[in-house]
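Descriptive structure summary
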Amino acid sequence: MESIDVLMLCPMISYLEQELQRRFNVLKLWTAPEKSRFIKDNSATIRAIVADGSHGADAKMIEALPRLEIVSSNSVGVDKIDVKKCREKGVRVTYTPDVLTDEVADLAIGLILAVLRRLCESDRYVRSGKWKKGDFRLTTKFTGKTVGIIGLGRIGMAIAKRAEAFNCPICYYSRTEKPDTKYKYYPSVLELASNCQILVVACSLTAETRHIVNREVMNALGPKGVLINIGRGPHVDEPELVSALVEGRLGGAGLDVYEHEPEVPEELFGLENVVLLPHVGTATVETRKAMADLVVGNLEAHFSNKPLLTPLL
Ligand SMILES: O=CC(=O)O
């Protein structure tokens, strides 16, 4: 498959770059001094795009590539890809579900513990020598707290299972009630937030779920409530989140994602009830390799006329 031109949108793990290069002619968009010129110059030959959760293909890019056949995304979230345009143009879209579910769910639990038990703050306490002057203050118990989950898909379900092991009552919001789960369903996020102590965002980002966590929801979660976001930044109204935390209307937050990554509101840096991660939900060697294998496997399948491994479209 040496002669197939694949446009890679941003740097990814070297294993993925190497595996792609062994099979395809990889064009690295980020190395081009002028991106739109680069796309134009190669538009007659590019047949595939490799995207990720932060770098996708918008309508303009898709329109600019008349020979484009497939977008293979190194992510489960495809909100940066204009899927509607792909459908219209007959461009296939693949993503990397399942292989990353455990990793993201583990991190959600890690964030809950980090916020409630102040793990980052207490680590700093030891390193700075403050322990010698007195014990660290008391924190908050996780076991038994009610966990509300927005979006009970693969990842939401994996978080629920883990939280159950901490004896947490689980409730959830999703567009429709899931028939085969014992977890309590609330038909609105507001009701969910009013009835849980830890609210976890685990749904995909769409026009409907943008700012699904707004001021009202944060107020309902309240000064003892904790918000965990391992979904996408725009799920949460970020300026409202900052003011809710600064004003003490919300008890704490554990965030892996932000509205304008890698920009993070500086007001959050001084808050000890907030744990900030740099969008690392899937970022382990094991999971990123499994994702890379799917990205390559989907392209290989497509160009050998075999069924796609994990098609979205
Ligand atoms: O954010 C990560 C993903 O969508 O896989």
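This is a predicted model, so every value here is computed, not measured.

Definitions and cut-offs
Residues numbered from 1 in each chain as written. Predicted model: local features only at pLDDT ≥ 70, side-chain atom pairs only at ≥ 80, totals over all residues. Heavy atoms only, no water. Pairing = 2+ DSSP bridges. Helix = DSSP H or I, 4+ residues; strand = E, 2+ residues; numbered from the N terminus. Axes fitted to C-alpha atoms, helices over the stretch in contact; angles between N-to-C directions. Contact = heavy atoms within 4.5 Å. UniProt positions renumbered as here; feature names shortened; annotations may be inferred. Parallel < 35°, antiparallel > 145°, perpendicular 65-115°, else oblique. Left-handed = near helix turned anticlockwise from the far one by under 90°. Nonpolar A, V, L, I, M, F, W, Y, C, P; charged D, E, K, R; others polar. Phe/Tyr/Trp six-rings, centres within 6.5 Å; stacked < 30°, edge-to-face > 60°. Lys NZ or Arg CZ within 6 Å of the ring centre and 35° of its normal.

**A word on the sheet that holds strand β1 (residues 5-8)**
- Here we have 5 strands laid out as an open sheet, ordered β2-β1-β3-β4-β5, and parallel in their pairing. Of all strands in the sheet, those with a lone pairing partner are β2 (25-28) and β5 (92-94), marking the two edges. In this sheet, neighbouring strand axes are inclined to one another by 20 degrees on average, regardless of whether the strands run parallel or antiparallel.
- Relative to strand β3 (residues 46-52), β1 runs parallel, the two being bridged by 4 bridges. Bridge pairing in β3 places Leu7 opposite Ile49.
- Sheet strands in contact with helix α11 (residues 285-303) are β1, β3, β4 (70-74) and β5, and its direction is about 170 degrees off that of β4.

**Let's talk about the UniProt feature "domain: D-isomer specific 2-hydroxyacid dehydrogenase NAD-binding" (unreviewed entry) in the protein chain**
- Residues given the UniProt feature "domain: D-isomer specific 2-hydroxyacid dehydrogenase NAD-binding" (unreviewed entry) here are residues 109-281.
- Taken as a whole, residues 109-281 contains 29% helix and 14% strand, while its terminal C-alpha atoms sit 11 Å from one another.

**As for the packing of helix α5 (residues 101-116) against helix α7 (residues 154-164)**
- In contact at an axis separation of 8 Å, α5 and α7 are set at 50 degrees when each is read in the N-to-C sense. Taken as axis vectors, α5 and α7 run oblique relative to one another. You can see that α5 and α7 cross each other, and the crossing is right-handed. Judged by residue contacts, Thr101, Asp102, Val104, Ala105, Asp106, Ala108 and Ile109 of α5 engage Arg154, Ile155, Ala158, Ile159, Arg162 and Ala163 from α7.
- Here the residues of the contact of α5 with α7 are counted per class, giving 8 nonpolar, 1 polar and 4 charged.

**Re the sheet that holds strand β11 (residues 252-255)**
- On the basis of which strands lie adjacent, the open sheet formed by 7 strands has the order β8-β7-β6-β9-β10-β11-β12 and parallel pairing. In the strand order of this sheet, the two ends are held by β8 (184-185) and β12 (274-276), each with one partner.
- Where α5 meets the sheet, its contacts fall on β9 (198-201), β10 (226-229), β11 and β12, and the angle it forms with β10 comes to roughly 150 degrees.
- Sitting on the sheet, α7 touches β6 (147-150), β7 (170-173) and β9, and the angle it makes with β6 is about 170 degrees.

**Quick word on the packing of aromatic side chains**
- This structure, assessed with the given rule, holds 4 aromatic pairs.
- A cation sits over an aromatic face here: Lys184 above Tyr186, 4.9 Å from the ring centre.

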